[in-house]
Structures are given as structure tokens and as C-alpha cells.
Amino acid sequence: YLRSVICCRSSPGLKAVVVKFIQKNTKLITLAIGDGGNDVGMIQRADIGIGIFGQEGTQASNASDFSITQFRRLNRLLLVHGRWNAYRTSVLVNYFFYKNLLFTLVQFWFSFYNEFSGQTYWEQFFILGFNAIFTALCTGFYAFYDVDIHPYDGPLQEKYLPKIYRQSLKLNLLTYKRFLCWYAGGIIHSAAIFFLTIYSLKLTFQDQEGYEPDFWFYSFTSFTACLLVCFIVLFIITERFSVATLIMYPHV
């Protein structure tokens, strides 16, 4: 492919055609940036449209996906906020599948002990509250506050800008290989939680008359272990800690 093409005195329609031509022949993700009404077609045609809010009005800004005040802000939008978004989304998707697989497969392992009768291993409140209450806060704070590039590392960003740009293009965090690794982790951890809970409590916990703990004691212990494992894994994958991110772990 050509590294660059310069189009001079192009009409609004021609700008959109150029973007369409690039999309059709290169299969690449396109970004268009403009500051006037004659750039609206190009901005809307591109996969990512950025409008500059300035002296030529707000038409480009209103038609865009993202709006900035100056062209020099594009560096920060792509290499900082764009990288944060790609990083957080990729890791969060994998983690979300992992923690739900971990929670669900404990019930699956229990099915071998109840002869697939349909008896639930979890109390109903645990099922309703696992995502909505117990893990919502820590997951939400991670999605909003975790960063792998500090927002105030401006001089470092300028110095290592080419390297950051290349890394951003190759930020392959959401791949089949990584997803399978998270998937395998959910299977292994769920099996460890269930079988260690069942056999450890059976051997160590007995009342004065020699009776083993009741069914719901096993369930509560396994649920507590699931939460602890989810928090520990999230703690491990967190890149940068702050006052806000420490609030993620109120249950630990």
C-alpha cells in the first residue's frame, strides 16, 4: 500500500469516496478528522470520525464519534484514551467470562453428586447477587480507573511516542489464545474450589456429636471462596493502584 496520499481541494463527496475506496481495497480501520461542514460526509463514512470544535462551527463535531478542541489533542485521544479503552475492554471481557464460568461450573461439578437431579448448589440470593452486588463494585471500578499508561506521563509519552503507537497497534489482548487461557483458568479454579471445599470440610469440620456440616454450610463456604478467588485475580491483573482502585476490594 501507499504510505500516504494527498488530495487537494476535494469536494465533500470526494472526501467520502476516498474513505470508502480505502475501506474497500485495504480492509483496514479508517479514521477521518475534520473541522468544518464539508468534512461531515468523510467523518460519517469512516469507521471512526473525529470532529474538531473550532472556528468553523460545530457541524463536524456534531457528526463525529469523538470531539476535540485542537488537532494536537489527537495524540492523547489515540495513544492514551484509545489505549486505555482497548486495554480495559479486552481484559474486562475476558475477566467477565472467567468469573461467571467460575461461578457456574461449581454448580456443574455438584451435579455429579446429586445425580443431575436439578438440585441447586447455590442459595437463590447468591445467584442473584453474584454479578449485581458482590462483584459489581470491583469490576466497575476496574473498568473505569485501571490504566497501563499514567495520564500525567506527558514527557515520556512524547519521548516514546513511536513505540507507544506500535504497541497500541499490536495490543492483542482479546485473542482466541488469551480467551482460552482465561476459560481454562475458570475450569481449573472452579474444580479446585468445589472439591477442596467438599473434602476439606468433610475431614475437618464436625460437631460434638460427630455430624458433618449441613448442605448450606458447604454452599456458603464455596461461594465465599469464589468471591475471594475473583478478587485475588482482579487484584493481580490490575496495572496501577490508587485510592479509587483500593475501593474495589471492600470484601477482602
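Shown above is the structure to which this text applies.
Residues numbered from 1 in each chain as written. Predicted model: local features only at pLDDT ≥ 70, side-chain atom pairs only at ≥ 80, totals over all residues. Heavy atoms only, no water.

Break down the layout of surface pockets for me, citing the residues and quoting the values.
Computed from the structure, the second largest pocket encloses a volume of approximately 510 Å³. Lining the second largest pocket are 13 residues, and of these Leu-2, Ser-4, Val-5, Val-18 and Ile-22 lie nearest its centre. For the lining of the second largest pocket, the per-class residue count stands at nine nonpolar, three polar and one charged. (1 Å grid on protein atoms, 1.4 Å probe; cavity = no way out; pocket = protein on both sides within 12 Å on 5 of 7 lines; lining within 4 Å. Points joined across faces, edges and corners; volume = space filled by probe spheres on them. Nonpolar A, V, L, I, M, F, W, Y, C, P; charged D, E, K, R; others polar.)

Quick rundown of unusual backbone geometry? Include the residues and the values.
Its identity as a non-glycine residue notwithstanding, Arg-9 has a phi of 50°, on the positive side. Relative to the helices and strands, Arg-9 is located in the segment before helix H1 (12-26). (Helix = DSSP H or I, 4+ residues; strand = E, 2+ residues; numbered from the N terminus.)

Explain helix H4 (residues 74-111) to me, and be specific about the residues and the numbers.
The first and last C-alpha atoms of H4 sit 54 Å apart over 38 residues, in line with the 56 Å expected at 1.5 Å per residue. A bend of about 30° at Gly-82 is the largest found in H4. (Expected span 1.5 Å × (residues − 1). Bend = angle between axes of the 7 residues up to and from the residue.)

How would you sum up the packing of H4 against helix H10 (residues 215-237)? Please name residues and give values.
Relative orientation and spacing of two packed helices are given, respectively, by the angle between their axes and the distance between those axes. Where H4 meets H10, the closest approach of the two axes is 11 Å, and the angle between their N-to-C directions is 160°. By the angle between their axes, H4 is roughly antiparallel relative to H10. Considering the relative orientation of H4 and H10, their crossing is right-handed. In contact with Tyr-87, Val-91, Tyr-95, Tyr-98, Lys-99, Leu-102, Phe-103, Val-106 and Phe-110 of H4, H10 contributes Phe-215, Phe-223, Cys-226, Val-229, Cys-230, Phe-231, Val-233, Leu-234 and Ile-237. Its residues assigned to classes, the contact of H4 with H10 comprises 17 nonpolar, no polar and one charged. (Axes fitted to C-alpha atoms, helices over the stretch in contact; angles between N-to-C directions. Parallel < 35°, antiparallel > 145°, perpendicular 65-115°, else oblique. Left-handed = near helix turned anticlockwise from the far one by under 90°. Contact = heavy atoms within 4.5 Å.)

For the pairing of strand E2 (residues 48-52), give the residues involved together with the corresponding values.
Of all five residues in E2, four are buried, a share of seventy percent or more. As paired elements, strand E1 (residues 31-34) and E2 share four bridges and run parallel to each other. Bridge pairing in E2 places Ala-32 opposite Gly-49. Handedness of the crossover joining E1 and E2 through helix H2 (residues 40-45): right-handed. In the sheet, E2 pairs with strand E3 (residues 66-68) via three bridges, with the strands oriented parallel. Looking at E3, one finds that Ile-52 is bridged to Ile-68. (Buried < 20%, exposed > 50% of the residue type's maximum accessible area, 1.4 Å probe, protein only. Pairing = 2+ DSSP bridges. Right-handed = clockwise from strand over helix to strand, strands pointing away.)

Describe the environment of Leu-101, and please don't skip the residues or the numbers.
You can see Leu-101 is positioned in helix H4. In this structure Leu-101 comes out as buried when scored by relative accessible area, which is 14%. Counting along the chain gives 85 residues from Leu-101 to Gly-186, while the straight-line C-alpha distance between them is 5.7 Å. Excluding anything up to four places from it in sequence, Leu-101 contacts Tyr-183, Gly-186 and Ile-187.

An account of H1 is needed here, citing residue identities and associated values.
If you check H1, its first and last C-alpha atoms are 22 Å apart, about what 15 residues at 1.5 Å a residue would give, namely 21 Å. Restricting attention to buried positions, one finds in H1 the residues Lys-15, Ala-16, Val-19, Gln-23 and Thr-26. Buried residues in H1, looked at end-on, bunch into an arc of 125°, giving them a common side. Exposed and oriented more than 90 degrees from the buried face of H1 are Phe-21 and Lys-24. If you follow the buried residues of H1, they end up packed against H2. Looking at the residues trailing H1, positive phi occurs at Lys-27, about 60°. (Arc of directions from axis to C-beta.)

Describe a nonpolar patch on the surface, listing the residues and the values that go with them.
On the surface, a cluster of nonpolar side chains totalling about 540 Å² of accessible area is made up of Phe-108, Phe-112, Tyr-113, Phe-116 and Tyr-199. Mapped onto the elements of the fold, Tyr-199 is located in helix H9 (residues 176-204). (Patch = residues over 30% accessible without salt bridge, like charges linked within 9 Å, V, L, I, M, F, W, Y side chains within 5 Å. Areas by Shrake-Rupley, 256 points an atom, 1.4 Å probe, with all protein chains shown as cover. Salt bridge = Lys/Arg side-chain N within 4 Å of Asp/Glu carboxyl O.)

Break down the environment of Leu-201 for me, with residues and values.
By the secondary structure assignment, Leu-201 is in helix H9. A residue is classified by how much of its surface remains accessible, and Leu-201, at 6% relative accessible area, is buried. Along the sequence, Leu-201 and Pro-213 sit twelve residues apart, while their C-alpha atoms lie 7.5 Å from each other. Not counting residues within four places of it along the chain, the set of residues in contact with Leu-201 comprises Leu-196, Pro-213, Phe-217, Tyr-218 and Thr-221.

Any functional reading would require information that these geometric values do not contain.
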